[in-house]
Amino acid sequence: MKTSIIRTTVIAATAAALTTAASAQPAAKLKVGLMLPYTGTFAALGNAIENGFKLYLAEQGGKFAGREVEFVKVDDESDPSKATDNVNKLVKRDNVDVLIGTVHSGVALAMAKVAKESGTLLIVPNAGADAVTGAMCAPNIFRSSFSNWQPGYAMGEVMAKRGIKKVATITWKYAAGDESVRGFKEAFEKGGGTVVKELNLPFPNVEFQALLTDIAATKPDAVYTFFAGGGAVKFVKDYSAAGLKKTIPLYGSGFLTDGTLEAQGADAEGLFTALHYADSMDIPKDKSFRLAYAKTYKLQPDVYAVQGYDAAQILGIGLKAVNGDTSKKAEFARAVEAAKIDSPRGAFSLSKAHNPVQDLYLRQVSGKENKLVGIASKALSDPARGCKM
Ligand code: BEZ
């Protein structure tokens, strides 16, 4: 009897000591897989997303829900042919807790497929591929940016309301370009306009000359375009050099002039675009964000930096609700679904399919800024076609 009491006491004391030792251990680091383009036409976009993400993390003292963060970085080169291998390495070899990526829609589709199959948390900080929060939607997949449909649709509404009748479109032939034009066409034709010509070239080609000649011969009332990054810089300069800027007004989704104005100079002056961010918004959160970003990076932020910052906010909100335990996917999702995200673009929430429901702004280039002109489409929600969740 005595022996058994002593043994029980010893076992209890040992267990207590072990528990104390265990609780004294710092929580394991959170492994974040950053899969972004660091080379190629979208390199600047990848860097801005990483900067934004890290700025929010720094504001939280470098931790999410008490867990320090270890980054595993992959340059995805905006190359869909390497995407499945790249994301599988992060998930299977590096065992990341969460995936953050990426910019290019084709690469993001491969990431979403792996995330859906493996159950790994994925937050998309740019790529607009409609299917990510459409047919491929999943409880563990979130987007802090937009769907390709959203800016296209908003600009279609604006141009139809302006009484523009005949439009030619020009873009890269891949998911982002195709879907941006499709969103544009849906709203523009609903508003009474006609798309008279759809031009495209393979991503990331920038040999625009033959297509610009075609536009000049077609003589539409205006042109709608989706290009981004280095390709957008070249397109705006070539459009102006071809003499088209004066005769056929150029409109675009806002990626045409975001993060690019320094390089585009006077050739971008006056262009109208639609996007979920602008450079001159009277939003306190944006003012503090821009100050902090400029102080930290000695750079002005753009939409990509905002989306990176908000990807980190979404991750922080979800992890707080589960005390840092990434295996609690349903609780993580519930917290994010209920949240209002205090974004520099203006507060937004996520749709049932996990895509931002947000205002799309009409902006006009003035000097080095995408100046806010008005709201192109209020609280615009992607239709999430094919999402069953
Ligand atoms: C995309 O591929 O989805 C994309 C790339 C750059 C800017 C916007 C969208």
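Calculation criteria
- Residues numbered from 1 in each chain as written.
- Predicted model: local features only at pLDDT ≥ 70, side-chain atom pairs only at ≥ 80, totals over all residues.
- Heavy atoms only, no water.
- Domains from an automatic or database assignment.
- Contact = heavy atoms within 4.5 Å.
- Buried area = accessible area lost by both parts, 1.4 Å probe.
- Salt bridge = Lys/Arg side-chain N within 4 Å of Asp/Glu carboxyl O.
- Polar contact = N/O pair within 3.5 Å; in protein donor to acceptor, adjacent residues only side chain to side chain.
- Buried < 20%, exposed > 50% of the residue type's maximum accessible area, 1.4 Å probe, protein only.
- Disulfide = S-S within 2.5 Å.
- Helix = DSSP H or I, 4+ residues; strand = E, 2+ residues; numbered from the N terminus.

1. Quick look at the domain arrangement of the protein chain
Then step 1. When its domains are assigned, the protein chain resolves into domain 1 (30–146 + 281–354) and domain 2 (149–275).
Then step 2. Computed from C-alpha coordinates alone, the two centres of domain 1 and domain 2 are separated by 28 Å.
Then step 3. Each side of the interface is counted separately: domain 1 has 15 residues, and domain 2 has 18 residues.
Then step 4. With both sides pooled, the region where domain 1 packs onto domain 2 buries about 1,200 Å², and carbon together with sulfur makes up 63% of that total.
Then step 5. Three residues, Thr41, Asp130 and Phe146, lead the burial of domain 1 against domain 2; their summed loss comes to 39% of the area buried on that side.
Then step 6. Connecting domain 1 to domain 2 are 0 salt bridges.
Then step 7. Here domain 1 and domain 2 share 5 residue pairs in polar contact (both at pLDDT 80 or more) between them.

2. Quick look at the pattern of salt bridges
Then step 1. Applying the stated criterion to the full structure yields 20 salt bridges.
Then step 2. Between Glu77 and Lys82 there is a salt bridge; the shortest N-O distance is 2.8 Å.
Then step 3. With relative accessibility at 33%, the residue Lys82 sits in the partly exposed group.

3. With respect to the state of the cysteines
Then step 1. A complete count under the given rule lists 1 disulfide for this structure.
Then step 2. Here Cys137 connects covalently by a disulfide to Cys387, the sulfurs 2.2 Å from one another. Measuring the twist about the S-S bond at about 85°, one finds the Cys137-Cys387 disulfide to be right-handed. Taken together, the residues span a long stretch of sequence, with Cys137 in the loop between strand 5 (121–124) and strand 6 (141–143) and Cys387 in the segment after strand 14 (369–380) at a distance of 250 residues.
Then step 3. What makes Cys137 buried here is its relative accessible area of 3%.
Then step 4. You can call Cys387 partly exposed: its relative accessible area is 22%.

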